[in-house]
Amino acid sequence: MSTQPKLVRFNENVLDKYQLYNSIFMNLPFETIKRTVIFLPLFTETCRKGFANGDNPTKIVETFFEKYQARRPKDSQINLLFRFIQYIERQVVLFDAIEDASFSVVNNMDGIGTLRSLKETASQENSFDELKKYLEEFKVRIVLTAHPTQFYPGNVLGIITDLTEAIRNNDFPRIKQLIAQLGKTPFFKRKKPTPLDEAIRLIWYLENVFYKTFGDIYDYIQQNIFDDDIIDNEIVNIGFWPGGDRDGNPYVLPKTTKRVAKRLKQSILKCYYKDIRKLKRKLTFKDVYEKIDKLDKTLYECSFDKAQLNAFKLDDFIAELEEIKELLITNHESLYLNEMISFINKVKLFGFHFATLDIRQDSRIHHKVFTSVVDTSIEKNLNIFPENYHSLSEDEQIELLSNINAKININDFEDELVFNTLKTMNVVKLIQEKNGEKGCNRYIISNNQTALNVMQLFAMLKLVAFKDELSVDVVPLFETINDLQNAPKVMEQLYTNKNYRAHVKSRGNKQTIMLGFSDGTKDGGYLMANWSIFKAKEALTAISRKYDVDVVFFDGRGGPPARGGGKTHQFYASLGPTIEDEEVQLTIQGQTISSNFGTHNSAQYNLEQLITSGLSNNLYSENLGLSDSDTEIMNELATISYQAYKDFKNHPMFIPYLERMSTLKYYAKTNIGSRPSKRSNSDSLVFSDLRAIPFVGSWSQLKQNVPGFYGVGTALQTFKDNNQWEKVKQLYNNSSFFKTLLANSMMSLTKSFFELTRYMSEDEEFGNFWNIIHDEYKLAKTLLLELSGFKELMENEPTGKASIEVRESIVLPLLTIQQYALRKIQELQKEGTDNNEELEVYEKLVTRSLFGNINASRNSA
């Protein structure tokens, strides 16, 4: 039977089902919902017609009130808007669940980019041995972060999971029951989560999604590519930031890190216990049952007996499982052997750590802490640092730090920040002792600018906890355009330092370098940030190869294209031979965890896409890298776009526009994350203090998506004006990297809706600034369509475009309400009103509308 086109499958399995199940809401036995479902379609239609007529949000809402709510008092009208918000939030959840349930039907789970497709290609091209060779070295690591872009509380995530399963099974009574439950479950978080809360929420995905998915992927590769041979490579692994990411989060304390590591170990042992119980029902054979029963009891006791937990060793556990496996082969005709091997694979993949906890802190904090360490050591005559240390040159300091061979007592330090930073290094050692080295073996330095930043941490780790052997990878994170350009020089300084080079050699001769897409885009604009990271990777690859170091790039990516998201697998497949890519490492955060990895099917599909993108880039790609002429064009485009973005960023209205016309200041009120929404406590907004998530998210709420396209149109138009358009077309046709960048920018443009804020064009103060943004949007859209040959944006991705269109139509009333409330706030503030109660109501409307808008976009922040 022929397979229907993907768009047809989407319409039948997602769109049609959404219309069907959405109608269930209308029949729920809740009085407030009945009234809401009567008026929401009328309000939605009023919004559509109003924006088509060029009306502003205030006029649209007031037209609706006059037509359908004229007899109602004002507070009743406002209450109806709140109910619209609540209802739409639940519509978004329903659509999420239907898309998740239909994932394996809409997407071809054996198609291009999957492991089966990779295997068949290798078979057809007689390259199985080459494929196996790459898989013995290649790795993918996804790192879960707690960055606040996920607005669903844990109980709602549970409903989504159950609803997805019910829809997949066409269990109509259960669907009806869950939709009713959804109608009664609050979405709003009245207090901020703690870092431990965030960790527990993400551990849910480890237990319920990744444990099975990673195992299934590894089993498939072992069985179908390695013919059941042992693979001396984990291929897929997982990192974890909640509880370890101290950068800008004063609530992540050493005790938090310890508790999260403990929770991770408890969670993986719980998963093993469940699997052992299943195996115990099958392995009822002589000599085998006794062994599996003993493991069952041991794992059970580990849940409450601390002594048993500490005595239970991973190597002993694996040895016992291997012995059971051999007994099955030798004495029991290999009955249930595959199940046993699959379990052993999981134990080898996840160990006693489940996920590797990363520690991260800003270099400026490290410098402050390190200065205190030096001063205190000199004051106490510890003979670690010379008295003139601070007057030494940077090179002299680096040399001294590389030879550090001493130990300090962290209790000598009274300052809370200094003590906690040093205590965290002790905790890393403790976690390694309890969970294994993989439990916590990386320390990331954000805002890394110099080799001295790295060596200060290197020295502190040795002074505090790792005097004899430093079993921690020191990972510099380069973020700004200047830092990216300077990164190769920094790494060469480190590689030429004898003791640091010896440390790298002891760590498998691998140096991990993290690159920040989010802050890079915020700093330099979309095109320049991505191009700067590409060039930095090329230069860092070259310098690492020069010193015979295997460099691993760890990409700090967010959900939307503006933060390095979008079509991520296409990005990795497009890199070419000049960038080291034996490992793909990237952060997965917020909405992207639930949208791309929230179910077994979606997680397996997206992980396989990442695996095959890296492998196909090496094995089957015809990408020879950018030619000199294409590199020159890319350089010029990036430079022009960077200047356009800098001019835009330096516009006197830039900060006031974000402060007064966007939802920026309301992010902190949503209680979605433990981390503060900006870096300093100052009342005034300073651009450098702005975090990338609220920055990008605020543009998304305005439906302007500036960070994903600004400067692109100007750069293309410049080439067109200079009669060099053919060169740009040549670059587009030659470079899959450039093509992928522009495709992701098209996604940002597709999610923009300037009719929502067109009223700002007439604003006395901000009208000119709005027009600057709108003009760049129109220019980018026009030229990208011309360059791609498309008649409409995302023409080559009709299913993705259709999903966006449905989601945008669902939240159109939310966006309207949000802008209506923002305008009311502005009016009240201009009037200097004393009516704080009215102001608070409208501010609450803005805050509440943030939730559905963000969740509906799935990768908007």
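In what follows, the structure referred to is the one given above.
The structure presented is a predicted model; accordingly, all values stated were derived computationally and were not measured.

Asker: Could you give an account of the overall build of the protein chain, naming the residues involved and the relevant values?
Answerer: Helix and strand counts for the protein chain come out as 35 helices and 8 strands. The C-alpha radius of gyration of the protein chain comes to 28 Å, within 12% of the 29 Å expected for a compact globule of 861 residues. Residues counted as buried form 61% of the 861 residues belonging to the protein chain. Contacts in the protein chain between residues far apart in sequence, at least 24 positions, make up 81% of those at least 6 positions apart. Counting only carbon and sulfur atoms, one obtains 46% of the accessible surface of the protein chain, whose full area is about 34,900 Å².

Asker: Would you mind going over the packing of aromatic side chains in detail, with residue names and values included?
Answerer: Tallied over the entire structure, the rule returns 51 aromatic pairs. Ring geometry for F51 and F753: centres 5.5 Å apart, planes at 85°, overall edge-to-face. With a gap of 702 residues between them, F51 in helix α2 (residues 31–52) and F753 in the loop between α32 (736–750) and α33 (767–788) connect regions that are remote in the sequence. Note on F753: relative accessible area 25%, which makes it partly exposed. Members of the aromatic cluster, connected to one another through ring pairs, are F210, Y211, F214, Y272, F312, F317, F343, F350, F352, F354 and F597. The positively charged end of R442 is found above the aromatic ring belonging to F554, 4.6 Å away from the centroid. Cation over ring: K739 sits above Y732, and NZ or CZ is 5.0 Å from the ring centre.

Asker: Give a description of the nonpolar core that names residues and reports values.
Answerer: By size, the foremost hydrophobic cluster in this structure holds 263 residues, and its most contacted members are I142, F240, Y272, F385, L422 and W699. Sorting elements by how many residues they give to this core places helix α4 (residues 74–101) first, with 15 residues. Apart from the residues lying within four places of it in its own chain, the contact partners of F240 are V143, L144, A199, L202, I203, L206, V260, L264, A355, T356, L357 and D358. In this structure, V143, W241, I444 and L477 belong to the second largest nonpolar core, which totals 7 residues.

Asker: Describe the pairing of strand β4 (residues 442–446), naming the residues involved and giving the relevant values.
Answerer: Here β4 lies mainly inside the structure; 5 of its 5 residues are buried. Judged by which residues are buried, β4 turns out to be covered on both faces: R442, I444 and S446 on one side and Y443 and I445 on the other are all buried. Summarising the sheet, strand β3 (residues 356–362) and β4 pair through 5 bridges and their orientation is parallel. Directly across from D358, in β4, lies its bridge partner R442. As judged from the 4 bridges shared by β4 and strand β5 (residues 473–478), these two strands associate in the parallel manner. Each residue of the ladder has a partner; that of I444, found in β5, is V475. Handedness of the crossover is the feature at issue here: the chain leaves β4, passes through helix α19 (residues 451–464), returns alongside β5, and the resulting connection is right-handed.

Asker: If you had to explain the packing of α19 against helix α21 (residues 498–506) to someone new, which residues and values would you point to?
Answerer: Packing of α19 against α21 leaves a shortest axis separation of 12 Å and a crossing angle of 70°. Here α19 lies roughly perpendicular to α21, going by the angle between them. Where α19 crosses over α21, the two elements pack in a sense that is left-handed. Contacts from V454, M455 and F458 of α19 reach α21 at N499, Y500 and H503.

Asker: I'd like a rundown of the pattern of salt bridges, residues and numbers included.
Answerer: By the definition in use, this model includes 40 salt bridges. Linking D473 and R507 is a salt bridge whose minimum nitrogen-to-oxygen distance equals 2.7 Å. One end of the pair, D473, is in strand β5; the other, R507, is in the loop between α21 and β6 (510–516), with 34 residues separating them in the sequence. A salt bridge links R660 to E765, with the nearest nitrogen and oxygen atoms 2.4 Å apart. Note that R660 is positioned in helix α28 (residues 654–661) and E765 in the loop between α32 and α33, a separation of 105 residues in sequence. By relative accessible area, which is 41% here, R660 ends up partly exposed.

Asker: I'd like a rundown of unusual backbone geometry, residues and numbers included.
Answerer: The backbone of D548 sits at a positive phi, close to 60°, despite the residue not being glycine. Checked against the element boundaries, D548 lands in the loop between α23 (526–546) and β7 (550–556). According to the relative accessible area criterion, D548 is exposed, its value standing at 55%. Positive phi is not limited to glycine here, since M794 has a value of about 60°. Counting through the fold element by element, M794 comes out in the loop between α33 and α34 (798–831). Judged by its relative accessible area of 3%, M794 falls in the buried class.

Reading the values: the criteria
Residues numbered from 1 in each chain as written. Predicted model: local features only at pLDDT ≥ 70, side-chain atom pairs only at ≥ 80, totals over all residues. Heavy atoms only, no water. Helix = DSSP H or I, 4+ residues; strand = E, 2+ residues; numbered from the N terminus. Rg over C-alpha atoms; globule rule 2.2 N^0.38 Å. Buried < 20%, exposed > 50% of the residue type's maximum accessible area, 1.4 Å probe, protein only. Contact = heavy atoms within 4.5 Å. Areas by Shrake-Rupley, 256 points an atom, 1.4 Å probe, with all protein chains shown as cover. Phe/Tyr/Trp six-rings, centres within 6.5 Å; stacked < 30°, edge-to-face > 60°. Lys NZ or Arg CZ within 6 Å of the ring centre and 35° of its normal. Core = buried A, V, L, I, M, F, W, Y, C linked by side-chain atoms within 4.5 Å. Pairing = 2+ DSSP bridges. Right-handed = clockwise from strand over helix to strand, strands pointing away. Axes fitted to C-alpha atoms, helices over the stretch in contact; angles between N-to-C directions. Parallel < 35°, antiparallel > 145°, perpendicular 65-115°, else oblique. Left-handed = near helix turned anticlockwise from the far one by under 90°. Salt bridge = Lys/Arg side-chain N within 4 Å of Asp/Glu carboxyl O.

Fair warning: the whole summary comes from geometry, so function is off the table for now.
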